[in-house]
Each structure stands twice: as C-alpha cells, then as structure tokens.
Amino acid sequence: MTELFLKYFREKQQKVQPQKVYQTQCPFCSVQCKLKLVEQSNLSRKQYYMMGVDNPASEGRFCVKGQNAYQHAIHKDRVLYPLLKVNGQFQRISWEDALQKIKSSFEEIQREDGRDAVAVYGSASITNEEAYLLGKFARVALKTRHIDYNGRLCMSAAASAASQTFGMDRGFTNTLGEIPHTRVIILAGTNIAECQPTIVPYFERAKENGAYIIVIDPRETDTAKLADLHLKVRPGRDAALANGLLKVLIEEGYADEAFIRERASGFEEVKEYVTSLDIQEIENLTGVPAEQIRRAARKFGAEESGMIFTARGVEQQTDGSAAVRNLLNILLATGKIGKSFSGYGAITGQGNGQGAREHGQKADQLPGYRSIENPEHRKYIADVWGVNHEELPGKGVSAYEMIEKMDQSEITGLLLLCSNPIVSNPNANLVKRALKKLKFLVAVDLFVSETAELADLILPASSFLEDEGTMTNLEGRVTLREASRPCPGESKHDWEIICEIARVLGHGDYFSYTMPEDIFNELRVASKGGLADYYGITYERLRKEGGILWPCPEPGHEGTARVFETAFAHEDGRAKMAVVSNHPVVPKENPDQEYPLLLTTGRVVSHYLTGVQTRKSPSLAARNFESYLEIHPKTARKFGVEDHELVKVESRRGSIIVRSKVSKEIREDTVFVPFHWAESQNVNLLVAGDLDPSCRMPGFKVSAVKVSPLSAEGTRA
Ligand SMILES: Nc1nc2c(c(=O)[nH]1)N[C@H]1C(S)=C(S)[C@@H](COP(=O)(O)OP(=O)(O)OC[C@H]3O[C@@H](n4cnc5c(=O)[nH]c(N)nc54)[C@H](O)[C@@H]3O)O[C@H]1N2
Ligand SMILES: Nc1nc2c(c(=O)[nH]1)N[C@H]1C(S)=C(S)[C@@H](COP(=O)(O)OP(=O)(O)OC[C@H]3O[C@@H](n4cnc5c(=O)[nH]c(N)nc54)[C@H](O)[C@@H]3O)O[C@H]1N2
Ligand code: SF4
Ligand SMILES: [Mo]
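All values reported here derive from a predicted model rather than from experimental measurement. (Residues numbered from 1 in each chain as written. Chains lettered and ligands numbered in written order. Predicted model: local features only at pLDDT ≥ 70, side-chain atom pairs only at ≥ 80, totals over all residues. Heavy atoms only, no water.)

### With respect to the site of ligand 3
Around ligand 3, the surrounding shell consists of Cys26, Phe28, Cys29, Gln32, Cys33, Phe62, Cys63, Lys65, Gly66, Pro197 and Thr198. Split by residue class, the shell around ligand 3 holds seven nonpolar, three polar and one charged. (Near = heavy atom within 4 Å. Nonpolar A, V, L, I, M, F, W, Y, C, P; charged D, E, K, R; others polar.)

See below:
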C-alpha cells in the first residue's frame, strides 16, 4: 500500500515538476569535477542543484564551489545582449551592429597604429577548442604578434621550469592515482585543501598508507594540517630552502648516482654550489630552522619513492621558475622521477590551465607546444591553417607587458576574452590607467566585470552549462565537457564569437566550423608531432573512455599515464639540473622601517579568482562577503590592530582597506590577503609589476607593506 502510494506520489511529483538534467564539468579549478545540473520546474519557479558524476580525477566528489556553480550561471546579471557604450552608458545593440563596430574600430586602429596595435588577451578558463582558435585568430585574422593570456599569471613559472628541466611541461608527470602509494610527499606553496579540495583524499590515502607529508607554506593552512612536518618558510625564499634540502641530501649520501649518471646532466655544478653554502645562512634567509631542513631532507632521501608538488606559493615570484627548478633538482638528485610513485606535479590552477597553455595562446607559442620562432614549426602550422608561413607574425610579449604597452599607447585596441585584468594583474593602478587609454576595448564575458565596465563593447558569452568542448585537467587528462543547456538571451559560445569576428574581418574561410568537434579535429592535426600531441584523441573516444592523458599520438594509443619513464624530452634524453642561487636576479622587496611586513596573497575555498562569478553566488558570497588581512597576534599588537577591525594596508604602489583576522597560523613577519575582491579591497593595488626574467610571472607572493588600524586615521598628526 505504502509502496503504491509512494510510486503514485513520485509520478505525480514528476508531472508537476518536470526534471531536466544537464551534464557538465565544474567551471572552476583544474580538477574538472564532472557534474550534472538538475533543474526542476513547477508552476511558479525553478529549483536547481548540482550532483557529482564519477570520473577518474574527483571520483564523483565535488566541493562547495562546484555545488553552487549554477548560481552565477543563472544569475540575473548575466550579460544577455551585445552592449555598446554610448555617452558612458551601455546600450543594447544587435550582434551584426556589434560585429561591424569591431570591424571598423580594429581596421582603423591597425591602419593608423599598425597591425600589432590590436592585441588579444585570452584565458585558461575556456575550452581547448577556444584557446586554439584564439591563437589562430590573432595570427591569421588580426595578424598581430600581441596575444597572451591570464595563464601567464598562473602556470608560466611551473611550465617554464618543467620545459627547461625535462624538455616538456605536463603538469603531473604521474596520475593522481599514484599518490596514495608514494612514501613521502612535499607540498610546496600549494593549498589543495582550499584550492583543489576534491583531490585531498588522494593525499589522505597516502597518509593512511604511511607516507610522510612535508608542507612548505608561510601559513598553517588546512593543507598544512595534513603534514607531518610543516616548514613555515619566509615568503619568497623557496629557492634557498631547496638549496638547503639539496645540501643535506647530497652531503649525507642520498644522491642516486646511477640515476644521475644515466639520466641527468648538471649535477656536479649543483653539488659544488650547494656544498659551498652554509646551512645557518639558509636558516636565516628562509626562517626555517636548520634542524627542520635536515629532517625534511633525510626523510625525502631515505624513502624509496617520493613526489613533489608545487603551486603558486612557490611559483608566483620574480624567481618562481628558478625556485621550481630547484625543487626539480631534488627529484633528479634522488632519482625520484620517471618511475612508479615518484614524480612531480605542478598543481594547475584554472579549469583548463593545462590545455590552454599548450595550443597557441602564449605570445611565443603555436599549437602542440610548438614555438613561433622555430621555422619548421611555423611551416607546419601555416600548412595546417592554409596560410603562408612567412606571413605568420613573430613573438609578442607577456600579459602584463601587453598592459604596459597599452599604457605607452603602443597597443591601442584589445579583444579581451574571459579575464578580468584590472583585478588580476599586479600594479592595478597602472592597469586601470592603461586600459582607459585604449581606443577600443571589447570584453567578452558573462558579466560586466570590473574590466568590462571600462569596455567600449561587451559581448555576451555562454557558460559551462551551455558551452561544449574539451578541457585538460591537472593530470594532463583531456576530458569532454558535455554541455547542452540553451544559451540565455543572445549570448553565444566563445568559439562562435571568435569565428564571427573573423568573418567580418574578411577571414571567415579559415574559421568555418559548425561545432566544437570540427575545431578539435583541426587541433588534433595541429598538435600532431608536437610535445602535447592530441592526434589520437577523438570526441568519440572521450565519450567512451571518459578522459585520455596526452601525449596520445595515434587513434589506437591508450594515452600516457606516466611520462619520462625511459627518457626526458630534451634531444639527448637527459634532464637538465641547474644551479639556482640563493640570491635571485630580480631582488625581492625586503621589509624595511617604512614597510616592515611581507604581504603574500592567495585564495579562500569559497571564492574563485577575481570573484566575478563567485561573488554573484549567494551561497558562496555568504561564506566570505568581504576580504580580510590575516595577521599574527603579536604583529597585530605591535601595530595596534584589533581582531575584526578595518585596517589600512599600504605598499609603495597603493593602499587597500580590509578587515583584520588575527591568527596564530601565519608567520609573525608576514600578512596574507586573498585576491577575490575589487575596488578598495583589490590587493593588486599593492603588488609591484616586476616579472620573473625567464617566464614573465609577476611576484604576487611578496610585497613589503605596512598596516595601521583605520580607527587610528583621524588621530594621526
Ligand atoms: N577556492 C579556490 N580554488 C582555486 C582558485 C581560487 O581562486 N579559489 N583558483 C584556482 C587557480 S587559477 C589556481 S592558480 C590555484 C592556486 O592554488 P594555490 O597555489 O594552492 O593557491 P594560493 O592560495 O594562491 O597559494 C598557495 C599557498 O601558497 C602559500 N604561499 C604564499 N607565499 C609563499 C611562499 O613564498 N612560499 C611558499 N612555499 N608558499 C607560499 C600561501 O600561504 C598559500 O597557502 O587554485 C585553483 N583553485
Ligand atoms: N594578487 C594576486 N593576483 C593574482 C593571483 C594571486 O594569487 N594573487 N593569481 C593569478 C592567477 S593564478 C590567475 S589564474 C589570474 C586569474 O585572473 P582572471 O582571469 O582575471 O580571473 P577570472 O576571475 O577568472 O576572470 C574571468 C572573467 O571571465 C568571465 N568568464 C567566466 N567564464 C567565461 C566564459 O566561459 N567565457 C567568457 N568569455 N568569459 C567568462 C568571468 O565572468 C570573469 O569576468 O589571477 C592572477 N592574479
Ligand atoms: S572547484 Fe575544483 S574541486 Fe571544486 S568542484 Fe570545481 S573542479 Fe571540483
Ligand atoms: Mo591560476
């Protein structure tokens, strides 16, 4: 009886609340958790919720951001029509008028200021198809050398270090599935507990299996709570700390001489340098007691397998690529790479942070990790595109350097797609000034972001619920994001928008795709024979197999779970170790009497990047509705700061006002501010524009600052 009633009730409920289910992947981080959106309608309103879907990376798990990801996508503030700024106000216009406006403006700029005066600024939150297309669009339709993307601020240091050391940059050399079986793990400058929460269980399983975990972070984060040993490093000193570890490893006989002989070069030089160093000096520089450095090194050296993971804490430094290289030196010196349960992982950031760094959005790059400066690579790609290789532009400059060129009026037009540089680039005052100088700025976005606010024209893009395409996760696993919800209003997919602009500019023949799969099939050929070879991957296989790890050079190839097992990707097959000095080429801003504290920046679990999306989500915004300053109680006392009060934080570049959060978990000489808020809470007003000379990464993680309670403002002389 009850059964029958329940059946009747369920059927009735389904009639009243017809249910739609849309497959997708989370729009946020690099784990790319597979999700589905359930949409229930009854007469008066719709209800939504997200559900996890099994997959090899998150195994069906999702975090609080994934759970609430639909909230911004269905938000009333979504841009639904092209918006043109007329007398300072945005007005709805038709797509055809918008496209004609782009045509006339870009053509005029290129006629007056030269081809390279129009730039393209892309993103790693878009699909592989779109990232590939944007690179092709810049080179073929605009013929400009100026294209770069937000991944420059994110993955460039790790990418550069892996390329220099191993000859190839695939974020993880092994898969997530190997982590539970390794014996010792170093997590350097990565806060996975807040930034990639769904992979934490891999580390927990490792711990259950007896692995020893070492965390390197100036703060005792939730990730550090997993650690057996927490090295509370002074911000910006990871390179020196790695030298300390190397010194102990080599001097105490943990070097794997057979491995080094067969597979690496440069060991002798590194040995000579680190043995000349004084461990006490390293303690002074890094703030990590020598005893802890010894303990970490001995643990890492003694175990038969080990893995090192890095993220932006180590990398977003003006010596970020060198610091990562030095951590890679540790793996090579101890022979812990290219074998089971041993290897490296750069914990990639954005949803497509891996794929979008491979297929031509970078200033010096062509698809498949090819180089725009290599004549053979240029010829190969020009042939795929059906253009003359001599007409392909040369290499441009990095993201922040493009902005400097806007400030110098060398770049006067910009197509910005899926990024919010006013909040995400360093030296935010300069960035705003530079963008204001543009003669024509087009922003393609879901919302009127802080940067889109300054645009002459905003084009409405589709979201992760609507836009199908491939995304490559932090392991290097190519996945197919199915998405089929209809685009709201007149919004279009990024790939459609790129094709339409190419059409009005007179290059439609090179951009005549009818669906993402067409673009992917061209990308497969363009990447063929390159380092990131996707040739063997097809939509059909992705649907069937759920994800394929590159390189996958042939349709019958199963993909590559572990790289560098027999050889590294340099021509001689050997990895290159390199001496990394304790004293970087670009000096760090040291605290002094006027600016006595070190500011580092980062993230909280409930918000994503510049916050444009997560600040729109009521559930996420409620968790952290404003920014904050994490400060040690002793430091707070010293500067007269109470808990939960408004504090002015100043650097040589600018100032912000945030609420204090007094906590013993941070170093006494360091303060921390997350970067998800804008305007007077935009922490990038404080950060300098100095760049890593090798990869052009800004030093987001070290600035000298001073703090004072706002309540003291009026009382100052
Ligand atoms: N919730 C959430 N998740 C995200 C994102 C987000 O915005 N929010 N963004 C995604 C993206 S694009 C990225 S790039 C990743 C970033 O992921 P992470 O790099 O893990 O995140 P961050 O908070 O920037 O920095 C990590 C840690 O570095 C520490 N740190 C600061 N300075 C130093 C230093 O000098 N040395 C060392 N060793 N550590 C230091 C910080 O205290 C912080 O705990 O996260 C992705 N996931
Ligand atoms: N101080 C400091 N600064 C940092 C960092 C730090 O740790 N500290 N981290 C850096 C890092 S790692 C990163 S990755 C950058 C990120 O910096 P940004 O790229 O500037 O950040 P997002 O917030 O992702 O901006 C994405 C924009 O695209 C829109 N959008 C979302 N989805 C789509 C889509 O599918 N299509 C289109 N066309 N638009 C879409 C969003 O609404 C948003 O306005 O910030 C960097 N800046
Ligand atoms: S933010 Fe990352 S960990 Fe969280 S659900 Fe999305 S993809 Fe998964
Ligand atoms: Mo990032």
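### Remarks on the layout of surface pockets
If you add up the space inside the largest pocket, you get close to 710 Å³. Along its surface, the largest pocket is lined by 29 residues, and Ser160, Ser163, Lys362, Asp364 and Gln365 are the ones closest to its centre. Put simply, the parts of the chain that give the lining of the largest pocket at least two residues each are α6 (156–166) and β15 (370–371). Ranked by the residues each element gives to the lining of the largest pocket, the list is headed by α6, at five residues. (1 Å grid on protein atoms, 1.4 Å probe; cavity = no way out; pocket = protein on both sides within 12 Å on 5 of 7 lines; lining within 4 Å. Points joined across faces, edges and corners; volume = space filled by probe spheres on them. Helix = DSSP H or I, 4+ residues; strand = E, 2+ residues; numbered from the N terminus.)

### Details of the site of ligand 2
In the neighbourhood of ligand 2, 29 residues make up the surrounding shell, with Asn150, Asn420, Ser424, Asp445 and Thr610 lying closest. Between a nitrogen atom of ligand 2 and a side-chain N or O atom of Asp494, the distance comes to 2.8 Å. Alone, ligand 2 offers 930 Å² of accessible surface; in the complex the protein occludes 97% of this. A molecule is said to occupy a pocket when more than half its atoms come within 2 Å of that pocket's grid points, and by this definition ligand 2 occupies the largest cavity. Elements with a contribution of two residues or more to the shell around ligand 2: α18 (421–424) and β17 (440–445). For the shell around ligand 2, a count of residues per class yields 13 nonpolar, 12 polar and four charged. No fewer than three residues from each of domain 1 (100–154 + 352–549) and domain 3 (597–716) sit in the shell around ligand 2. (Polar contact = N/O pair within 3.5 Å; in protein donor to acceptor, adjacent residues only side chain to side chain. Areas by Shrake-Rupley, 256 points an atom, 1.4 Å probe, with all protein chains shown as cover. Sits in = over half its atoms within 2 Å of the grid points. Domains from an automatic or database assignment.)

### A few points about the pairing of strand β23 (residues 597–602)
Burial of β23 is extensive: six of the six residues sit out of reach of the surface. The alternating pattern of β23 places Leu597, Leu599 and Thr601 on one face and Leu598, Thr600 and Gly602 on the opposite face, and all of these are buried. With three bridges joining them, β23 and strand β28 (residues 703–709) adopt antiparallel strand pairing. When the sheet's bridge partners are listed, Leu597 is paired in β28 with Val705. (Buried < 20%, exposed > 50% of the residue type's maximum accessible area, 1.4 Å probe, protein only. Pairing = 2+ DSSP bridges.)

### Observations regarding the environment of Glu665
Tracing the backbone through its elements, the reader meets Glu665 in the loop between β26 (655–662) and β27 (670–674). Under the relative-accessibility criterion, Glu665 is labelled partly exposed at 28%. Along the backbone, Glu665 and Thr221 are 444 residues apart, and their C-alpha atoms lie at a distance of 7.4 Å.

### Considerations on the sheet that holds strand β2 (residues 34–41)
Spatial ordering of the open sheet is given by β1-β2-β3, a layout of three strands whose pairing is antiparallel. Each having just a single partner strand, β1 (19–25) and β3 (46–52) make up the two edges of the open sheet. Put simply, the sheet's adjacent strands are angled 20° from each other on average, direction ignored. (Axes fitted to C-alpha atoms, helices over the stretch in contact; angles between N-to-C directions.)

### A word on the sheet that holds strand β13 (residues 343–346)
Strand order in the open sheet formed by five strands is β10-β9-β8-β12-β13, and the pairing between neighbours is parallel. Two strands close off the open sheet at either side, each with one partner strand: β10 (229–231) and β13. For this sheet, the mean angle separating the axes of adjacent strands, direction not counted, is 15°. Relative to strand β8 (residues 184–188), helix α8 (residues 200–208) is tilted by about 145°, and along the sheet it contacts β8, β9 (212–216) and β12 (307–310). Where helix α15 (residues 320–333) meets the sheet, it contacts β8, β12 and β13, and its direction lies at approximately 170° from that of β12. (Contact = heavy atoms within 4.5 Å.)

### Here we look at a negative patch on the surface
On the surface, Glu257, Glu268, Glu269 and Glu272 cluster together to form a negatively charged patch. Take the negative patch: its biggest share by element is three residues, from helix α11 (residues 267–276). (Patch = residues over 30% accessible without salt bridge, like charges linked within 9 Å, V, L, I, M, F, W, Y side chains within 5 Å. Salt bridge = Lys/Arg side-chain N within 4 Å of Asp/Glu carboxyl O. Lys, Arg positive; Asp, Glu negative; His and termini not counted. Charge placed at Lys NZ, Arg CZ, Asp CG, Glu CD.)

### A closer look at the nonpolar core
Residues Phe137, Phe166 and Leu459 are the most contacted members of the largest nonpolar core, which totals 126 residues. For this core, the element with the highest residue contribution is helix α5 (residues 128–142), accounting for nine residues. The two domains that each donate at least three residues to this core are domain 1 (100–154 + 352–549) and domain 2 (156–351). Dropping the residues within four chain positions of it, Phe166 is found in contact with Thr173, Leu328, Leu332, Ile337, Tyr344, Phe564, Phe568, Ala569, His570 and Ala575. Within the second largest apolar cluster, 31 residues are counted, among which are Met406, Ile422, Val423 and Leu441. (Core = buried A, V, L, I, M, F, W, Y, C linked by side-chain atoms within 4.5 Å.)

Everything listed here is a matter of geometry and, on its own, says nothing about what the molecule does.
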